[in-house]
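Each chain is listed here by its residues.
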Amino acid sequence: MVEKYDAVVVGSGQGGGPLSTALVASGYRTALIEREHIGGTCINTGCSPTKTMIASGRVAYLVRRSAEYGVGHGPADIDMRRIRQRKRDIVESFRSGSERSIRNGGVEIIMGEARFIGPRLLQVTLEEGERRELSADRVFLDTGTRPIIPPISGLDGIPYLDSTSIMELDAVPEHLGILGGGYIGLEFGQLFRRLGSRVTIVEHGPRLIPREDHDVADALVEILKQDGIEILTGTSAAEVSGTVGSIELTLDTSSRQEKLCTTHLLVATG
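Rules behind the numbers
Residues numbered from 1 in each chain as written. Predicted model: local features only at pLDDT ≥ 70, side-chain atom pairs only at ≥ 80, totals over all residues. Heavy atoms only, no water. Helix = DSSP H or I, 4+ residues; strand = E, 2+ residues; numbered from the N terminus. Contact = heavy atoms within 4.5 Å. Lys, Arg positive; Asp, Glu negative; His and termini not counted. Charge placed at Lys NZ, Arg CZ, Asp CG, Glu CD. Pairing = 2+ DSSP bridges. Axes fitted to C-alpha atoms, helices over the stretch in contact; angles between N-to-C directions. Buried < 20%, exposed > 50% of the residue type's maximum accessible area, 1.4 Å probe, protein only. Phe/Tyr/Trp six-rings, centres within 6.5 Å; stacked < 30°, edge-to-face > 60°. Lys NZ or Arg CZ within 6 Å of the ring centre and 35° of its normal. Expected span 1.5 Å × (residues − 1). Core = buried A, V, L, I, M, F, W, Y, C linked by side-chain atoms within 4.5 Å. Left-handed = near helix turned anticlockwise from the far one by under 90°. Nonpolar A, V, L, I, M, F, W, Y, C, P; charged D, E, K, R; others polar. 1 Å grid on protein atoms, 1.4 Å probe; cavity = no way out; pocket = protein on both sides within 12 Å on 5 of 7 lines; lining within 4 Å. Points joined across faces, edges and corners; volume = space filled by probe spheres on them. Arc of directions from axis to C-beta.

A. Highlighting the overall build of the protein chain. Along the protein chain, the regular secondary structure elements total six helices and twelve strands. Across its three principal directions, the C-alpha atoms of the protein chain cover 65 × 45 × 40 Å. Summarising the internal contacts of the protein chain: among those between residues at least 6 apart in sequence, 60% fall at separations of at least 24. Between the centroid of the 30 positive side chains of the protein chain and the centroid of its 36 negative side chains there is a distance of 3 Å.

Okay, here's the thing in structure tokens:
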């Protein structure tokens, strides 16, 4: 049996959630379909969790530099599991608050995966495996984005990290290699350097964060180098092999090939 709605929103991110409550306020019977987490990228895998972990990294950074300010200390003791749990707790708080706001706005939330089976006709596979069919005159898609995984030889055979899975590590990497010199690569690079990792950033272009003004990019590069981060620009990964704890990258520069050995690899190419 097809269930009829005035509007259906697919995806509960920063657009879908507020849109669904606005539709209800305008008198539309509205369903919001979400296959994983209410709140979208920002709450679950973007702004909120990364800034929470960066706060922990800044504390570690200040502890290590406290003697410069005349404050004695012991060595910084990094407990990655506690950092991760603090991040999870804050994400859960924000996620539940977002869900509560949407429900209180009169929206019916349906947890499942949607696909079109006809014009303005959706089939939703629920979390429990059952299926529902929904139709609406207005269907809004707010399904967001996912990380790009570049076609590098051997990459699909190793347990690489992306911007979501890296936040679930339970130990600080000994040596974190990062493919990509955009804001995501720089953010995680500085975070894990401040938590104690050796960090190498590999960027195929001539500059980091190429969309920024050159003076801004140069200032950021100087800060990252002061933190002790190794930066390789004009360098591309041609091949990857190995496993967790021992990953080898074959790097191409303008003049030669060279090897880079890391314990973990973050793919942050867009």
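B. Spatial organisation of the sheet that holds strand E9 (residues 236-243). As summarised here, the arrangement of the three strands in space is E9-E10-E11, forming an open sheet in which the pairing is antiparallel. The sheet terminates laterally at E9 and strand E11 (257-262), the two strands that pair on one side only. Looking at each pair of strands side by side, their axes are set apart by 20° on average, direction ignored. Examined bridge by bridge, strand E10 (residues 246-252) and E11 share six bridges and lie antiparallel to one another. For Ile-247, the partnering residue across the bridge sits in E11 and is Thr-262.

C. Representation of the environment of Met-80 within the structure. The residue Met-80 is located in helix H4 (residues 80-104) in this model. The class for Met-80 is buried, based on a relative accessible area of 3%. Leave out the neighbours within four places in its chain, and Met-80 touches Met-53, Leu-169, Asp-170, Ala-171, Val-172, Phe-192 and Leu-195.

D. Geometry of the sheet that holds strand E3 (residues 108-118). In spatial order, the strands read E1-E2-E3-E4-E5; together these five strands close into a barrel with mixed pairing. Going from strand to strand, the sheet's axes swing by 60° on average, the running direction of each strand aside. The sheet contact formed by strand E4 (residues 121-126) and strand E5 (residues 131-141) spans five bridges and is antiparallel. Residue Leu-122 lies in a different strand from E5, and its bridge partner there is Leu-134.

E. Quick peek at the packing of aromatic side chains. Tallied over the full model, the rule gives zero aromatic pairs. Residue placement shows Arg-194 over the ring face of Tyr-61; its charged tip is 3.8 Å from the ring centre.

F. Focus on helix H5 (residues 183-195). End to end, H5 covers 18 Å across 13 residues, agreeing with the expected 18 Å (1.5 Å per residue, within 8%). For H5, the complete set of buried residues consists of Gly-185, Leu-186, Phe-188, Gly-189, Leu-191, Phe-192, Arg-194 and Leu-195. Where H5 is buried, its residues touch helix H3 (47-65), H4, strand E6 (175-179), strand E7 (198-203), helix H6 (214-226) and strand E12 (264-267). Looking one or two residues beyond H5, the residue adopting positive phi is Gly-196, at roughly 125°.

G. Representation of the nonpolar core. Judged by nonpolar contacts, the single largest core of 26 residues is most densely connected at Ile-166, Phe-192, Leu-208 and Leu-266. Within the residue set of this core, elements represented by two or more residues are H3, H4, E6, H5, E7 and H6. With five residues, H5 is the largest single contributor of residues to this core. Dropping the residues within four chain positions of it, Leu-266 is found in contact with Leu-161, Asp-162, Ser-163, Ile-166, Leu-176, Gly-177, Ile-178, Leu-179 and Phe-188. Counting residues in hydrophobic clusters, the runner-up holds 14 residues, among them Ile-152, Ile-158, Leu-179 and Val-240.

H. Broad picture of the packing of H3 against H4. At their nearest, the axes of H3 and H4 sit 9 Å apart, and the two run at 145° to each other. Remark: the crossing between H3 and H4 carries right-handed chirality. Where H3 approaches H4, its residues Ser-48, Pro-49, Thr-52, Met-53, Ala-55 and Ser-56 are matched on the opposing element by Met-80, Ile-83, Arg-86, Lys-87, Ile-90, Val-91 and Phe-94. Residue classes in the contact of H3 with H4 are distributed as eight nonpolar, three polar and two charged.

I. Quick peek at the layout of surface pockets. The volume enclosed by the second largest pocket comes to roughly 240 Å³. Along its surface, the second largest pocket is lined by Ser-56, Val-59, Ala-60, Val-63, Ala-76, Asp-77, Ile-78, Asp-79, Arg-82, Ile-83, Arg-86 and Leu-195. Within the residue set of the lining of the second largest pocket, elements represented by two or more residues are H3 and H4. Class assignment for the residues of the lining of the second largest pocket results in seven nonpolar, one polar and four charged.

J. Up close: helix H1 (residues 16-25). All of the buried residues along H1 are Gly-16, Gly-17, Ser-20 and Leu-23. The buried residues of H1 occupy an angular sector of 130° when the element is viewed end-on, so they sit on one face. Residues of H1 that are buried make contact with strand E1 (2-10), strand E2 (30-34), H4 and E5. Once H1 finishes, Gly-27 follows within two positions and takes phi at roughly 100°, a positive value.

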